[in-house]
Amino acid sequence: MIIQYCKKCGKETEHKELIKQKPSKYGKSKQEQFKAFIEGFFGGMASPAGAALDLVDRYVECNECGLKTLDNQGEEFL
Ligand SMILES: [Zn+2]
């Protein structure tokens, strides 16, 4: 459980964490796969830690009002 400020409730509330896999933006063709590899390669060079996190979106959902907030900072990722 995460205690975090909720802008809808206007106070700190309990949140639960949700992880969603991002749908791939690339097609199935060899050309598209190659493009994905190249972008992944250079993306990985620029930010080694960010490369793997790029595949998921991390949300927190307020337990009181159900507001979902995108929270892709990744520091708490184990
Ligand atoms: Zn809330």
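Our subject is the structure listed above.
This report concerns the structure included in the present document. Model, not experiment: these values are computed from the prediction.

## A word on the pattern of salt bridges
Moving on, step 1. Taken as a whole and assessed by the stated rule, the structure comprises 2 salt bridges.
Moving on, step 2. The closest approach of N and O atoms between lysine 11 and glutamate 64, which form a salt bridge, is 3.4 Å. Taken together, the residues lysine 11 in strand β2 (residues 11-21) and glutamate 64 in the loop between β3 (56-62) and β4 (68-70) connect sequence positions 53 residues apart.
Moving on, step 3. In this structure lysine 11 comes out as partly exposed when scored by relative accessible area, which is 41%.
Moving on, step 4. The shortest N-O distance in the salt bridge between glutamate 17 and arginine 58 comes to 2.4 Å. Within this pair, whereas glutamate 17 is found in strand β2, its partner arginine 58 is found in strand β3, the two being separated by 41 residues in sequence.

## Some thoughts on the sheet that holds β2
Moving on, step 1. A sheet is described by the order of its strands in space; here 4 strands give the open sequence β1-β2-β3-β4, paired in antiparallel fashion. Each end of this open sheet is capped by a strand with a single partner; those strands are β1 (2-6) and β4. Each adjacent strand pair in this sheet contributes to an overall mean axis angle of 45°, direction not counted.
Moving on, step 2. As judged from the 3 bridges shared by β3 and β4, these two strands associate in the antiparallel manner. Directly across from tyrosine 59, in β4, lies its bridge partner leucine 70.

## A closer look at the coordination of the zinc ion
Moving on, step 1. Cys6 (SG), Cys9 (SG), Cys62 (SG) and Cys65 (SG) make up the full set of protein donors to the zinc ion, lying at 2.2 to 2.4 Å.
Moving on, step 2. With 4 donor atoms in place around the zinc ion and angles of 104 to 114° between them, the coordination shape is tetrahedral.
Moving on, step 3. Within one chain, the residues donating to the zinc ion are spaced in sequence as C-x2-C-x52-C-x2-C. Taken as a pair, cysteine 9 in the loop between β1 and β2 and cysteine 65 in the loop between β3 and β4 lie far apart in primary sequence, 56 residues in all.
Moving on, step 4. According to the relative accessible area criterion, cysteine 65 is partly exposed, its value standing at 30%.

Each value, and the rule that gives it
- Residues numbered from 1 in each chain as written.
- Predicted model: local features only at pLDDT ≥ 70, side-chain atom pairs only at ≥ 80, totals over all residues.
- Heavy atoms only, no water.
- Salt bridge = Lys/Arg side-chain N within 4 Å of Asp/Glu carboxyl O.
- Helix = DSSP H or I, 4+ residues; strand = E, 2+ residues; numbered from the N terminus.
- Buried < 20%, exposed > 50% of the residue type's maximum accessible area, 1.4 Å probe, protein only.
- Pairing = 2+ DSSP bridges.
- Axes fitted to C-alpha atoms, helices over the stretch in contact; angles between N-to-C directions.
- Donors = N, O, S within 2.8 Å, 3.2 Å for Na, K, Ca; no water.
- Tetrahedral: all angles 85-135°; square planar, octahedral: opposite > 155°, others 65-115°.

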